[in-house]
Amino acid sequence: MVVMHAITVNRYGGPETLELTETEDPKLGPDSVLVRVKAAGVNPVDWKIVAGYLDSIMYVHFPLVPGWDVAGVVEAVGLDVPEFSVGDEVFGYVRKDEVQHGTYAELVDAPVRTLAHKPASLTWQQAAGVPLAGLTAWRSLARVRVAAGETVLVHAAAGGVGSFAVQIAVAQGARVIGTASERNHDFLRSLGAEPVTYGDGLVDRVRQLAPEGVDAAVDYVGGDAVAVSQELLKDRSRVASIVDPEVTRRGGHHVWVRPNSADLAELGRLCDAGKLRVHVEHALPLTEAAEAFRLSQSGRTRGKIVLEVGTR
Ligand SMILES: NC(=O)c1ccc[n+]([C@@H]2O[C@H](COP(=O)([O-])OP(=O)(O)OC[C@H]3O[C@@H](n4cnc5c(N)ncnc54)[C@H](OP(=O)(O)O)[C@@H]3O)[C@@H](O)[C@H]2O)c1
């Protein structure tokens, strides 16, 4: 029996449920590729799944290998896969219809719809940090139709999704105002945003920078971000939230990111063009996945957390 190492979970719970185990290599479906994982990106949804928060909307099977983001090398291709060849370097947001065989592992089977060729300019760690957060930023900005010359408000601009959204909107020719705590203001400036501190008085602080208000807003944190945005928007429908489903009742857009090869390839081109930089705040070995969960749960991540996965 062929065996790989993976982080597995046998029941819903916290970081303490994560164990490094030996498990069978994944099966390779007809329209999937087997990826030898070099790095796995860590996203808040990973620990939310392990905590059971997505149980009402997704089938989750145990033992579960967490993780949806990957960068690695194609080791084998399924029966009908013209898109990729053995040896190709890829990255992807490997969300399947049911949750079980994730990317915190030495190998993962990845449907081709979840993958694109890895941007050559990025390290494995950087590439693994892009897919889920980058695609979320891309999709949420598209939902509010950001155009060149417009002003966009990005809530939680220093996090995984926010740091990509700032740079994508800047690349699209927008002016970006981003919320973060003061320790992240220089970081936001380095991405091309004008920083503002979140909390009481946020509407006034944004108005000091943009007296006419903003054209579009994206919420990556929840709380009162949608309400604050709508006080500042010229058109109240041009707000998208990735965390607050109530946004639709208020006339805005709720975004739940989908795997999308074409959009991921476009993000890769922005990376190679130097327009999208990936800040990896923590790169930990696979054995420290539980610590990666704790860091993510703190809600203070600047950019991304990534797991480095050993080679075999
Ligand atoms: N619906 C979807 O498709 C989708 C996709 C991706 C993520 N999400 C969800 O969206 C959220 C963000 O994801 P992420 O990966 O960007 O998380 P993350 O990287 O963990 O975000 C951390 C950042 O949030 C900032 N932050 C915390 N509280 C804030 C506040 N009140 N106002 C402004 N910024 C604040 C922190 O900045 P400071 O340290 O400066 O406070 C930190 O930089 C998570 O809840 C995640 O589960 C949803």
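Refer to the structure above for everything that follows.
A few points on the structure. (Residues numbered from 1 in each chain as written. Predicted model: local features only at pLDDT ≥ 70, side-chain atom pairs only at ≥ 80, totals over all residues. Heavy atoms only, no water.)

1. Things to note about the side chain of Thr179
The cut-off we apply is this: We count a stretch as a helix when DSSP gives it H or I for four or more residues in a row; a strand needs E for two or more, and each element gets its number in order from the N terminus. Between N or O atoms, a polar contact is any pair within 3.5 Å; within protein, one atom must be a potential hydrogen donor and the other a potential acceptor, and residues adjacent in sequence are included only when both atoms are from side chains. Only heavy atoms matter for contacts: two residues are in contact if any of them lie within 4.5 Å across the pair.
Among the structural elements, Thr179 can be located in strand E11 (residues 175–179). There is a polar contact of 2.9 Å between the side chain of Thr179 and the backbone nitrogen of Ala156. The contacts of Thr179, once residues within four sequence positions are left out, are Leu153, Val154, His155, Ala156, Ala157, Ala158, Leu188, Val196, Tyr198 and Leu202.

2. Structural notes on the site of the ligand
Our working rule: Near is defined per residue: the residue qualifies when any heavy atom it owns lies within 4 Å of the molecule or strand. Here the accessible surface of atoms and residues is derived via Shrake-Rupley with a 1.4 Å probe, and residues count as covered only by protein chains that are part of the display.
Taken together, 26 residues lie near the ligand, and Ser181, Tyr198, Val257, Arg300 and Thr301 sit nearest. Residue Gly159 places a main-chain N or O atom 3.4 Å away from an oxygen atom belonging to the ligand. In the environment of the ligand, a nitrogen atom lies 2.9 Å from a nitrogen or oxygen atom belonging to the backbone of Ile242. Protein contacts shield 86% of the accessible area of the ligand, which totals 930 Å² for the unbound molecule. Elements supplying a minimum of two residues to the shell around the ligand: helix H1 (44–50), helix H3 (131–143) and helix H4 (160–171).

3. Focus on helix H7 (residues 225–232)
Structurally, the α-helix is built with 3.6 residues per turn, so residues lying three or four positions apart point the same way. Going by this rule: Relative accessible area decides the class of each residue, using a 1.4 Å probe on protein chains only: under 20% of the type maximum gives buried, over 50% gives exposed, and in between gives partly exposed.
With six of eight residues buried, H7 lies mostly within the body of the structure. Within H7, burial applies to Ala225, Val226, Val228, Ser229, Gln230 and Leu232.

4. Considerations on the sheet that holds strand E13 (residues 216–219)
Stated precisely, the cut-off is as follows: Criterion used throughout: strands pair if DSSP finds at least two bridges between them. Here an axis means a line fitted to C-alpha atoms, over the contact stretch when the element is a helix, while the angle between two N-to-C directions is reported on a 0 to 180 degree scale.
One open sheet accounts for six strands, arranged E12-E11-E10-E13-E14-E15; its pairing is parallel. Of all the strands in the sheet, the pair left with one neighbour each is strand E12 (194–196) and strand E15 (253–254). In terms of strand pairing, strand E10 (residues 151–155) meets E13 through four bridges, oriented parallel. Paired with His155 across the bridge in E13 is Asp219. Here helix H6 (residues 202–209) sits on the sheet in contact with E10, E11 and E12, set at roughly 155° to E12.

5. Let's talk about a negative patch on the surface
The line we're drawing: Residues forming no salt bridge and having over 30% relative accessible area are the ones grouped into patches, like charges within 9 Å of each other and nonpolar side chains (Val, Leu, Ile, Met, Phe, Trp, Tyr) within 5 Å. Here a salt bridge means any side-chain nitrogen of Lys or Arg lying within 4 Å of a carboxyl oxygen belonging to Asp or Glu. Counting rule applied: Lys, Arg positive; Asp, Glu negative; His and chain ends not counted. Working definition for charges: the position is that of NZ of Lys, CZ of Arg, CG of Asp or CD of Glu.
On the surface, Asp200, Asp204, Asp224 and Glu231 cluster together into a patch of negative charge. Along the chain, Asp204 turns up in helix H6.

6. Considering unusual backbone geometry
Cis geometry marks the peptide bond from Phe62 to Pro63, where omega comes out at -5°. Mapped onto the secondary structure, Pro63 falls in strand E4 (residues 60–65). Its identity is not glycine, yet Arg145 carries a phi of approximately 55°, on the positive side. Take Arg145: it is sitting in the loop between H3 and E10. Relative accessible area serves as the criterion here: at 49%, Arg145 is assigned to the partly exposed category. A positive phi is found at Ala156, a non-glycine position, where the angle reads about 65°. Looking at the secondary structure, you find Ala156 in the loop between E10 and H4.

7. Some words on the pattern of salt bridges
A complete count under the given rule lists eleven salt bridges for this structure. When the shortest N-O distance is used, the salt bridge between Arg238 and Glu150 registers 2.7 Å. On the criterion of sequence distance, the pair formed by Arg238 in the loop between H7 and strand E14 (239–241) and Glu150 in the loop between H3 and E10 is long-range, its members being 88 residues apart. Residue class for Arg238 comes out buried when judged on its relative accessible area of 10%. The salt bridge partner of Glu194 is Arg175, with a shortest N-O separation of 2.7 Å.

8. Focus on the environment of Pro63
We classify Pro63 as partly exposed; its relative accessible area is 44%. It is 7.1 Å that separates the C-alpha atoms of Pro63 and Gln100, two residues lying 37 residues apart in sequence.

9. A few points about the packing of aromatic side chains
The condition that has to hold: Two aromatic rings from Phe, Tyr or Trp, using only the six-membered ring of Trp, form a pair when their centres are within 6.5 Å; if the ring planes differ by under 30 degrees the pair is stacked, by over 60 it is edge-to-face, and anything between is tilted.
Applying the stated criterion across every chain, the model contains four aromatic pairs. Aromatic side chains Trp68 and Trp256 sit 6.3 Å apart centroid to centroid with 70° between the ring planes, which places their arrangement in the edge-to-face category. Here Trp68 is found in the loop between E4 and strand E5 (69–77), whereas its partner Trp256 is found in the loop between E15 and helix H8 (261–272), with 188 residues between them in sequence. Using a relative accessible area of 6% as the deciding quantity, one classes Trp68 as buried. In this structure Trp256 comes out as partly exposed when scored by relative accessible area, which is 34%. Look at Tyr104 and Phe293: their rings are 6.1 Å apart centre to centre, the planes differ by 65°, and that puts the pair in the edge-to-face class.

10. Section: the packing of H6 against H7
For clarity, the threshold we go by: Note on terminology: angles under 35 degrees are roughly parallel, angles over 145 are roughly antiparallel, angles of 65 to 115 are roughly perpendicular, and the others are oblique. Rotating anticlockwise by less than a right angle from the far helix to the near helix defines a left-handed crossing, while the corresponding clockwise rotation defines a right-handed one. Asp, Glu, Lys and Arg are counted as charged, while Ala, Val, Leu, Ile, Met, Phe, Trp, Tyr, Cys and Pro are counted as nonpolar; the rest, among them Gly, fall into the polar class.
Remark: H6 packs on H7, axes separated minimally by 10 Å, with the N-to-C direction vectors making an angle of 40°. By the criterion of interaxial angle, the relationship of H6 to H7 is oblique. H7 is crossed by H6, and the crossing has right-handed handedness. Here H6 contributes Leu202, Val203, Val206 and Arg207 to the contact with H7, which in turn contributes Val228, Glu231 and Leu232. Grouping the constituent residues of the contact of H6 with H7 by class yields five nonpolar, no polar and two charged.

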